[in-house]
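Listed below, chain by chain, are the residues.
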Amino acid sequence: PTLMSLTRIFEWLVGKQKKGRPLMAPAMQFVASLGVVILAGTGLLLLPNSTYPGITLSFTDALFTSTSAVCVTGLNAVDFAHTFTPLGEMFTLALIQIGGFGIMTFAYFVAMVAGQGFSLRDRVLLTDLLDEDNLGAVVSFITTIVVSTLFIELCGAVLLYFSWEGKDINLMGEPLWWHSLFHSVSAFCNAGFDLMGVKAPFSSLVSYSDDALVSITIMLLIVLGGIGFLVWDDIRLKGLHWRRYDLQTKLVLVSTASLILGGAVLFFFIERSRMNADMPLGEQILVSFFSSVTPRTAGFNSVDTAALSDASKLLTVILMFIGGSPGSTAGGIKTTSVAVVLIFLFSGIRGRRGAYVFGRRIPDDAMKRSGMIAGTNLILALLGALVL
């Protein structure tokens with residue numbers, strides 16, 4: 001009954017009616033879906049069994065936590081580990097997973113599991129949401145997204161389990177497998193929620209800054225989620241043949257590698273004689289790469305973020321603003337938007353009439369869209385900073 005009720009709600013949200021006419025425009029469907037899931041998550045987190053005895057969670061804090069989980073930002077207004085019980089953690093993890101899949105993708109997947117068909121309009125909407133041109137393949141692509149996500153998260157949980165097994169970890173009575181699964185899902189979905197507050201409030205992964213297996217596993221999960229399903233699907237179909245990849249795949253791979261490596265080098269030289277001065281060289285390299293990977297909307301940290309130098313904080317802001325890639329679990333203005341804007345910028349400086357990369361010309365519409373995305377989000381970020 002619960003599944004069928006949820007299915008009916010999602011059918012309404014995605015605009016399904018008996019007559020086949022949508023209730024609202026696609027953009028409003030997304031906004032409505034987002035609002036409903038956030039409010040539902042708020043109600044679940046306010047349940048008495050979601051928090052530990054003696055903890056009074058305000059509506060504002062519950063709303064903030066639910067919003068942060070669905071939008072996979074990793075921001076917390078309360079000490080998560082000491083506030084929420086395993087039930088509250090499970091609710092939060094479900095919100096993170098829905099946010100990682102994408103609200104509309106999850107809605108269509110639930111409808112598909114329930115045996116609902118897809119109209120032509122549904123398929124057209126999905127092609128727009130997933131940036132997939134093939135109408136016939138879009139439904140199977142949803143299944144691929146869900147199955148591959150669950151598989152990668154399970155593999156990450158296994159690696160984390162063996163990383164932490166036998167170590168002195170305060171699990172507050174929770175099983176290690178749950179501890180591992182929670183962090184694996186949170187990392188792949190670029191959510192940044194963690195259960196490490198049992199060591200010190202809001203400590204994140206600082207106590208594991210020298211643990212290579214934990215740090216590398218978390219970084220790999222973040223990168224795999226941040227690269228995007230479209231890129232992985234292209235690699236799956238075309239193998240390791242670089243020349244056959246779509247232009248977007250090439251831009252994503254090159255820009256992602258450049259941001260990770262460039263950010264790590266800058267963090268290393270900025271902080272090596274400052275915050276990281278007392279660390280061995282190997283740990284300095286490890287935390288530099290972690291500090292470069294995680295700002296792109298992941299939300300974890302293996303060093304005290306507040307103690308970073310102003311230069312490192314500025315670099316972190318830039319990486320956060322860029323974020324991940326299209327069709328991924330990460331946020332930001334996307335790596336492709338930044339790449340297209342920079343390509344057009346350098347082409348203009350060199351006096352060229354068109355912009356070319358990897359032997360292909362970038363359409364002017366792509367530049368306009370990328371410029372609009374970058375400009376709009378920059379204005380919103382500046383306005384938000386002024387309000388704060």
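Residues numbered from 1 in each chain as written. Predicted model: local features only at pLDDT ≥ 70, side-chain atom pairs only at ≥ 80, totals over all residues. Heavy atoms only, no water.

K.L.:
For the overall build of the protein, give the residues involved together with the corresponding values.
P.N.:
Within the protein, the regular secondary structure consists of 16 helices and 2 strands. Across the 388 residues in the protein, those meeting the buried criterion constitute 48%. Surface exposure of the protein reaches about 19200 Å², of which carbon and sulfur atoms provide 67%. (Helix = DSSP H or I, 4+ residues; strand = E, 2+ residues; numbered from the N terminus. Buried < 20%, exposed > 50% of the residue type's maximum accessible area, 1.4 Å probe, protein only. Areas by Shrake-Rupley, 256 points an atom, 1.4 Å probe, with all protein chains shown as cover.)

K.L.:
Tell me about the environment of Ile169, and name the residues and values.
P.N.:
The residue Ile169 is located in the loop between α8 (138-164) and α9 (176-188) in this model. Along the sequence, Ile169 and Met196 sit 27 residues apart, while their C-alpha atoms lie 9.2 Å from each other. If near-sequence neighbours (up to four positions away) are discounted, Ile169 is found in contact with Trp164, His179 and Tyr208. (Contact = heavy atoms within 4.5 Å.)

K.L.:
Any details on the nonpolar core? Residues and values, ideally.
P.N.:
One recurring pattern in soluble globular proteins is that nonpolar side chains are buried together. Core analysis: the largest hydrophobic core is formed by 26 residues, its most contacted members being Trp164, Leu205, Tyr208, Ile218, Ile222 and Phe300. Broken down by secondary-structure element, the contributors of at least two residues to this core are α8, α9, α10 (212-227), α11 (229-238) and α13 (281-293). Excluding residues within four positions of it along the chain, Ile222 makes contact with Ala187, Asn190, Val293, Thr294, Ala298 and Phe300. Counting residues in hydrophobic clusters, the runner-up holds 23 residues, among them Ala69, Val70, Phe91 and Trp178. (Core = buried A, V, L, I, M, F, W, Y, C linked by side-chain atoms within 4.5 Å.)

K.L.:
So what's going on with the packing of aromatic side chains? Which residues, and what values?
P.N.:
Taken as a whole and assessed by the stated rule, the structure comprises 11 aromatic pairs. Ring geometry for Phe188 versus Phe229: centroids 6.5 Å apart, planes at 55°, classification tilted. Of the two residues, Phe188 is situated in helix α9 and Phe229 in helix α11; the sequence distance between them amounts to 41 residues. As far as burial versus exposure is concerned, Phe188 and Phe229 are alike and both buried. A network of ring pairs unites the aromatic residues Phe80, Phe84, Trp177, Trp178, Phe182 and Phe193 as a single cluster. (Phe/Tyr/Trp six-rings, centres within 6.5 Å; stacked < 30°, edge-to-face > 60°.)

K.L.:
Tell me about the pattern of salt bridges, and name the residues and values.
P.N.:
Tallied over the entire structure, the rule returns 4 salt bridges. Notably, a salt bridge pairs Asp364 with Arg361, separated by 3.7 Å at the nearest N-O pair. Taken together, the salt bridges that share partners define one network made up of Asp234, Lys238 and Asp246. (Salt bridge = Lys/Arg side-chain N within 4 Å of Asp/Glu carboxyl O.)

K.L.:
Break down a nonpolar patch on the surface for me, with residues and values.
P.N.:
A surface patch of nonpolar side chains, amounting to about 540 Å² of accessible area, comprises Leu261, Val265, Phe269, Leu281, Ile285 and Phe289. Residue Leu281 is classed as exposed on the basis of its relative accessible area of 54%. (Patch = residues over 30% accessible without salt bridge, like charges linked within 9 Å, V, L, I, M, F, W, Y side chains within 5 Å.)

K.L.:
Requested: an account of the side chain of Ser347, with residues and values cited.
P.N.:
Among the structural elements, Ser347 can be located in helix α15 (residues 335-349). At 2.8 Å, the side chain of Ser347 forms a polar contact with the backbone oxygen of Ile343. The residues touching Ser347, leaving out its near neighbours within four places in the chain, are Arg352, Gly354, Ala355 and Tyr356. (Polar contact = N/O pair within 3.5 Å; in protein donor to acceptor, adjacent residues only side chain to side chain.)

K.L.:
I'd like a rundown of helix α5 (residues 86-101), residues and numbers included.
P.N.:
With 16 residues, α5 ought to run about 22 Å at 1.5 Å a step, and its terminal C-alpha atoms sit 22 Å apart, in line with that. Along α5, the residues classified as buried are Gly88, Glu89, Phe91, Thr92, Leu93, Leu95, Ile96, Gln97, Ile98, Gly99, Gly100 and Phe101. Gly102 sits one or two residues past α5 and shows a positive phi near 105°. (Expected span 1.5 Å × (residues − 1).)

K.L.:
Could you give an account of the packing of helix α12 (residues 247-271) against α13, with specific residues and numbers?
P.N.:
Here α12 crosses α13 at 130°, and the two axes come no closer than 8 Å. Judged by the angle between their axes, α12 and α13 are oblique. The way α12 lies across α13 gives a crossing that is right-handed. Mapping the contact onto sequence places Leu259, Ile260, Leu261, Gly263, Ala264, Phe267 and Phe268 in α12 and Leu281, Gln284, Ile285, Ser288, Phe289, Ser291, Ser292 and Val293 in α13. Taken together, the residues of the contact of α12 with α13 sort by class into 10 nonpolar, 5 polar and no charged. (Axes fitted to C-alpha atoms, helices over the stretch in contact; angles between N-to-C directions. Parallel < 35°, antiparallel > 145°, perpendicular 65-115°, else oblique. Left-handed = near helix turned anticlockwise from the far one by under 90°. Nonpolar A, V, L, I, M, F, W, Y, C, P; charged D, E, K, R; others polar.)

K.L.:
Lay out unusual backbone geometry with the relevant residues and their values.
P.N.:
One non-glycine residue with positive phi stands out, namely Val72, at about 40°. The phi dihedral of Asn190 is positive, around 55°, even though this residue is not glycine. Summarising the element assignment, Asn190 is placed in the loop between α9 and α10.

K.L.:
I'd like a rundown of the packing of helix α3 (residues 59-70) against α5, residues and numbers included.
P.N.:
Two numbers describe how α3 lies on α5: the axes approach to 7 Å, and their chain directions differ by 40°. Our classification of the angle between α3 and α5 gives oblique. Contact residues: α3 offers Ser66, Ala69 and Val70, while α5 offers Thr92, Leu95, Ile96 and Gly99.

Remember that the coordinates give geometry; whether it matters functionally is a separate question.
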